[in-house]
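Observations on the model geometry
The residues making up each chain are set out below.
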Amino acid sequence: QVQLVESGGGLVQAGGSLRLSCATSGIVFSDSTMGWYRQAPGKQRELVAAISSGGASTKYTDSVKGRFTISRDNAKNAVYLQMTSLKPEDTAVYYCAAGRRAYYSNNYAYWGQGTQVTVSS
């Protein structure tokens, strides 16, 4: 049974930081591209960041470049999203996603349940 479980969301003031974690089981983590998506109310879900299976390659949406960092620990089957200099527009539900060969296709097969991030002004 595949499970992706996000944690670390919460309420933070603008300019603050949060670190999201995603613990996985039931997937071949070391073969999986991992992504963080977010969806704000009334908006489409967007890819925030992704990291290749070995961790050598990362990509970010323009609005978070220089503020967010994605990382992974293949020994712990976990992926992280360090978020700094948070802005109210970062408020959204953040989802962890996993997929083999998904780095370029954005074709993620598995999803977590999401964790709420709220940034107050």
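Just above sits the structure.
So, a few notes on the structure that sits alongside this text. Residue positions are counted from 1 within each chain, in the order its sequence is given. Reporting of local features is limited, given that this is a predicted model, to residues whose pLDDT is at least 70; pairs of side-chain atoms are given and counted only at 80 or more, and all residues count toward the totals for whole chains, interfaces and linings. Working from all heavy atoms in the structure, the side-chain values ignore hydrogens and water.

Remarks on the packing of aromatic side chains
Think of it this way: a Phe, Tyr or Trp ring, Trp meaning its six-membered ring, pairs with another when their centres are within 6.5 Å, and the plane angle makes it stacked under 30 degrees, edge-to-face over 60, tilted otherwise. Taken as a whole and judged by the stated rule, the model has four aromatic pairs. The interplanar angle of 85° and the centroid separation of 5.5 Å between the aromatic rings of Tyr37 and Tyr108 together place this pair among those described as edge-to-face. Of this pair, Tyr37 sits in strand β4 (residues 32–39) while Tyr108 sits in the loop between β9 (92–100) and β10 (110–111), and the two are 71 residues apart along the sequence. For the pair shown, Tyr37 and Tyr108 are each scored as buried. Linked through ring pairs, Tyr37, Tyr108 and Trp111 together constitute an aromatic cluster. Above the ring of Tyr37, the side-chain terminus of Arg45 is found at 5.7 Å from the ring centroid. In this scheme, Lys NZ or Arg CZ marks a charge over a ring once it lies within 6 Å of the ring centre and within 35 degrees of the ring normal. Over the ring of Tyr103 we find Lys59; its NZ or CZ atom is 4.9 Å from the centre of that ring. Think of it this way: any DSSP run of H or I at least four residues long counts as a helix, any run of E at least two long counts as a strand, and we number them from the N terminus. Exposure categories follow from relative accessible area, calculated using a 1.4 Å probe and restricted to protein chains: below 20% of the type maximum is buried, above 50% is exposed, and the middle band is partly exposed.

Brief notes about the sheet that holds strand β1 (residues 3–7)
Strands pair, by our definition, only if DSSP identifies at least two bridges between them. Read from one edge to the other, the open sheet built from four strands follows the order β1-β3-β8-β7, with strand pairing classed as antiparallel. Two strands bound the open sheet, and with one partner strand each, they are β1 and β7 (68–73). With strand direction ignored, the average angle separating the axes of adjacent strands in the sheet is 15°. Of the strand pairs in this sheet, β7 and strand β8 (residues 78–83) are connected by six bridges, and their pairing is antiparallel. Note on β8: the bridge partner recorded for Phe68 is Met83. Between N-to-C directions, angles span 0 to 180 degrees; the directions come from axes that are lines fitted to C-alpha atoms, helices contributing only their stretch in contact.

Notes on the environment of Ser53
Relative to the assigned elements, Ser53 resides in the loop between β5 (46–51) and β6 (58–60). Two residues form a contact once any of their heavy atoms are found within 4.5 Å. The residues touching Ser53, leaving out its near neighbours within four places in the chain, are Ser30, Asp31, Ser32, Thr33, Arg72 and Asn74.

Re the side chain of Thr33
Position of Thr33 relative to the elements: it lies in strand β4. Given a relative accessible area of 5%, Thr33 falls into the buried group. At 3.3 Å, the side chain of Thr33 forms a polar contact with the backbone nitrogen of Tyr103. Setting aside residues no more than four positions away along its own chain, Thr33 makes contact with Ile51, Ser52, Ser53, Arg72, Ala97, Ala98, Gly99, Arg101, Ala102, Tyr103 and Tyr108. Polar contact is the term for a pair of N or O atoms within 3.5 Å; when the atoms are in protein, one must be able to donate a hydrogen and the other to accept it, and sequence-neighboring residues count only if both atoms are side-chain atoms.

That's the geometry; what it means functionally is another story.
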